[in-house]
Amino acid sequence: MNAKRLILLAFSQLIVALDYNIVYVALPDIGRELGFSPQSLQWVVSGYAIGFGGFLLLGGRAVDRLGARRMLVLGLALYGISSLAGGLAAGPGLLVAARAVQGLGGALLAPATLALIYSGFAEGPARNRALGAWGTAGSAGLAAGALLGGVLTATWGWQWVFYVNVPLALVAIIAALRLLPPDPSRGHGGFDALGALLATAGSTLMVLGLVSGPEAGWTTLRGLGSLAAGVVLIGAFLLVEARAREPLAPPRLLGDRNLATSMLVILFFQSALGGGYYLLTMYLQPVLGYSALQAGLAFLPLTLLSMVAAGRLAPALLGRWGVRTTLIAGMLGSGVGMAALYAGMSADGSFWALMPGTVIWGLSGGFTFVAMFAAAGSGIAPTEQGVASGLATTAQQIGGAIGLAVIIAVANAGEPGVGGLRTAGWVAAAASVAGALIALTLKRRPTAAAQETTTTSMEGINR
């Protein structure tokens, strides 16, 4: 795969990350102007998570069956159209609906981008470098999202955090049609319509239940009822997949130890990250009184450090330590960094008290993000990379929904103000450490350095 195509895929990942983070610093303004309650405001974030998490398995299989290029272009088009609708929204309902369609676009775009990287780069140093570029773009999107969200909200209003996606998506669509070759023929296999329906409905209801719990109550029909129904449908989906001729998610893939472990690690990582970003926003703006622009600038060190770690540290550490050790170190480091950051929070605190934790969390989180997706794609056949990346990203989105729901519940149940935020922060840090323990069960694989030594030795013997 040439450099221009990799730049396109990295740019597509930047759009996804930008959209994830750009909305956070605009939340107070959106809540005031559109009439969201303090509890319902989370739906601006959660609506996206439901659309994204609910359709990822379908999106991943669509990539394998219909082609990564087609799904990339379709996902970008949905992003652009729904972003325009979000900016024009005059009430909470339309904005949340637009965010859900943005999530659907992401459910097609994310697995398509990853599948093109997995299929375009051989497993090993080349793929690690490509994933490093992809991860750097994701971190750049988070950094740009926080800063750009603050600038746009302060200058032209919250609507522009949505409008900005429209030209970006259009540029990416034009580039994709020019740079990516047509999708190869995949034959005329079936699509497992029943499996697609059960997976989509089950995932959507699970995410709906998780994000509804803090607002509607965990014992309500919308909270526990949606969650229970989602679990039942996912169970039915697994039964259908075991008998389907052309399963949406092949059982052998669901039983792959490396992929299953990677999905759990991703779930815990995103639980900590999603809740952590929310807590930091709630501390900087309501507690310290930062403006949207000041809050955006405060996020900048965290995400710039993540960029450096993803682009520079991740490929080097993966080559020297291997995926397993890199992932364990990154998850532990993220937990320590988050704990240090929340320890620096106080009612009359300052930005500089957060810096030690910011440095540790930013660096550790940056190379962890690359390592966990390198683990998820390891050893997967090219024809199943789409659904594998869809499974991995489903874990990411469900993890984010779980993290946000739990963090909001803990923060609201604890002491008012900083006390509740700090307690919720400890929970987020513990989730990251738990992910490190899960990563211990990953299979050990030879590092790139060991493979290179073996290859050199064999060449010497052959001579």
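Here, every reference points to the structure presented above.
Attention here is on the structure that accompanies the text. The model shown is predicted, which means the values in this text are computed figures rather than measured ones. (Residues numbered from 1 in each chain as written. Predicted model: local features only at pLDDT ≥ 70, side-chain atom pairs only at ≥ 80, totals over all residues. Heavy atoms only, no water.)

1. Quick word on the layout of surface pockets
Convention followed: Detection works on a 1 Å grid of protein atoms alone, calling trapped sets that fit a 1.4 Å probe cavities and calling open sets with protein on both sides within 12 Å along at least five of seven lines pockets, with lining residues defined by an atom within 4 Å of a point. Grid points are joined across faces, edges and corners, and a volume is the space filled by probe spheres set on the points. Put simply, DSSP marks the helices as runs of H or I at least four residues long and the strands as runs of E at least two long, and each gets a number from the N terminus on. Just so you know the grouping, Ala, Val, Leu, Ile, Met, Phe, Trp, Tyr, Cys and Pro go in nonpolar, Asp, Glu, Lys and Arg go in charged, and all remaining residues, Gly too, go in polar.
Its volume calculated, the largest pocket comes out at about 500 Å³. Secondary structure elements with two or more residues in the lining of the largest pocket: α2 (27-34), α12 (257-287), α16 (385-413) and α17 (418-439). For the lining of the largest pocket, the element with the most residues is α12, which contributes four residues. Considering only residue class, the lining of the largest pocket consists of 13 nonpolar, eight polar and one charged. Listing elements by their share of the lining of the second largest pocket, those giving two or more residues are α9 (193-216), α10 (221-243), α11 (251-254), α12 and α16. The element that contributes the greatest number of residues to the lining of the second largest pocket is α12, accounting for five residues. Classifying every residue of the lining of the second largest pocket gives 15 nonpolar, two polar and no charged.

2. Observations regarding a nonpolar patch on the surface
We count it as follows: Surface patches are drawn from residues lacking salt bridges whose relative accessible area is over 30%; two like charges belong together within 9 Å, two nonpolar side chains (Val, Leu, Ile, Met, Phe, Trp, Tyr) within 5 Å. Note on areas: Shrake-Rupley, 1.4 Å probe, and residue coverage restricted to the protein chains presented here. A carboxyl oxygen of Asp or Glu within 4 Å of a side-chain nitrogen of Lys or Arg is what we treat as a salt bridge. Burial status follows relative accessibility: with a 1.4 Å probe on protein chains alone, a residue under 20% of its type maximum counts as buried, one over 50% as exposed, and anything between as partly exposed.
Judged by side-chain polarity, Leu332, Val433, Leu437 and Leu440 come together as a nonpolar surface patch covering roughly 330 Å² of accessible area. Summarising the element assignment, Leu332 is placed in helix α14 (residues 323-343). Judged by its relative accessible area of 38%, Leu332 falls in the partly exposed class.

3. Focus: the packing of aromatic side chains
What characterises a pair of aromatic rings is the spacing of the ring centres plus the angle enclosed by the ring planes. Which entries qualify depends on this criterion: Here is the rule: rings of Phe, Tyr and Trp (six-membered ring for Trp) pair when centre to centre is within 6.5 Å. Planes less than 30 degrees apart are stacked, more than 60 are edge-to-face, and the remainder are tilted.
Counting across every chain of the model gives nine aromatic pairs. Between Tyr48 and Phe52, the ring centres sit 5.5 Å apart and the planes meet at 90°, which makes this aromatic pair edge-to-face. In this pair, Tyr48 and Phe52 are both assigned in helix α3 (residues 43-66), four residues apart and thus about one turn of the helix distant. When sorted by exposure, Tyr48 lands in the same class as Phe52, which is buried. The rings of Trp134, Phe269, Phe369 and Phe373 are connected pair by pair, giving a single aromatic cluster.

4. Let's talk about the pattern of salt bridges
Counted under the stated rule, the structure contains two salt bridges. When the shortest N-O distance is used, the salt bridge between Arg32 and Asp29 registers 2.8 Å. With Arg32 and Asp29 both in helix α2, this residue pair falls three residues apart, about one helical turn. Arg32 gets classed as exposed once you look at its relative accessible area, which sits at 62%. Of the charged contacts in the structure, one is a salt bridge between Arg70 and Asp183, with a shortest N-O distance of 3.6 Å. Of this pair, Arg70 sits in helix α4 (residues 68-88) while Asp183 is found in the loop between α8 (165-179) and α9, placing the two residues 113 residues apart along the sequence. Classification of Asp183 by relative accessible area gives buried; the value is 17%.

5. What about the environment of Thr204?
Our working rule: Throughout, a residue-residue contact means that at least one pair of heavy atoms, one from each residue, lies within 4.5 Å.
Tracing the backbone shows Thr204 in helix α9. In this structure Thr204 comes out as partly exposed when scored by relative accessible area, which is 22%. Sequence separation between Thr204 and Ser291 is 87 residues; the distance between their C-alpha atoms is 34 Å. Excluding residues that lie within four positions of it along the chain, Thr204 makes contacts with Ile50 and Gly54.

6. A short note on the nonpolar core
Formally: Among the buried residues, those of types Ala, Val, Leu, Ile, Met, Phe, Trp, Tyr and Cys that are joined through side-chain atoms within 4.5 Å form a nonpolar core.
Ranked by size, the top nonpolar core spans 138 residues in total, and within it Ile30 and Phe373 carry the most contacts. At 14 residues, α12 tops the list of elements feeding residues into this core. Sequence-distant contacts of Phe373, that is, excluding residues within four places in its chain, are made with Leu114, Tyr118, Leu131, Trp134, Ile266, Ala392, Thr393 and Gln396.

7. Let's talk about helix α15 (residues 355-376)
Counted only if it meets this: In this scheme, a helix's expected span is set at 1.5 Å multiplied by one less than its residue total.
Over its 22 residues, α15 runs 31 Å from end to end, which matches the ideal 32 Å to within 8%, given 1.5 Å per residue. Of all 22 residues that make up α15, 18 are buried, and the element is covered over most of its length.

8. Brief notes about empty space enclosed by the protein
Following the criterion strictly, the structure yields four cavities of 30 Å³ or more and no others. Each pocket or cavity is described by its volume, and for the second largest cavity that value is around 120 Å³. Surrounding the second largest cavity, 14 residues form its lining, Tyr20, Val45, Ala49, Gly400 and Ala401 being those nearest its centre. Elements with a minimum of two residues in the lining of the second largest cavity: α3, α12 and α16. In terms of residues, the lining of the second largest cavity owes the most to one element, α16, which gives five residues. Grouping the amino acids of the lining of the second largest cavity by side-chain chemistry returns eight nonpolar, six polar and no charged.

9. Examining the packing of helix α13 (residues 292-321) against α14
Note the threshold: Fitted lines through C-alpha atoms serve as axes, helices being fitted only where they are in contact, and the angles separating the N-to-C directions of these axes extend from 0 to 180 degrees. Angle categories are assigned with fixed cut-offs, so that under 35 degrees is roughly parallel, over 145 is roughly antiparallel, 65 to 115 is roughly perpendicular, and the rest are oblique.
Remark: α13 packs on α14, axes separated minimally by 7 Å, with the N-to-C direction vectors making an angle of 125°. Looking at the two axes, α13 sits oblique to α14. Contacts between α13 and α14 involve Leu317, Leu318 and Trp321 from the first element and Val323, Thr325, Thr326 and Ala329 from the second. By residue class, the composition of the contact of α13 with α14 is five nonpolar, two polar and no charged.

10. Things to note about the packing of α13 against α15
This is how it is decided: In this scheme the handedness of a crossing depends on how the near helix is turned from the far one: anticlockwise by less than a right angle means left-handed, clockwise means right-handed.
Following both chains from N to C, one finds α13 and α15 inclined at 45°, their axes separated by 7 Å at the closest point. Viewed along their axes, α13 and α15 adopt a mutual orientation that is oblique. Along this stretch, α13 crosses α15, giving a crossing that reads as right-handed. Touching Pro301, Leu302, Leu305, Ser306, Ala309, Ala310, Leu313, Ala314, Leu317 and Leu318 of α13 are Met355, Thr358, Val359, Trp361, Gly362, Leu363, Gly366, Phe367, Val370, Ala371 and Ala374, all from α15. The class makeup of the residues in the contact of α13 with α15 is 17 nonpolar, four polar and no charged.

Nothing here speaks to function; it is all geometry.
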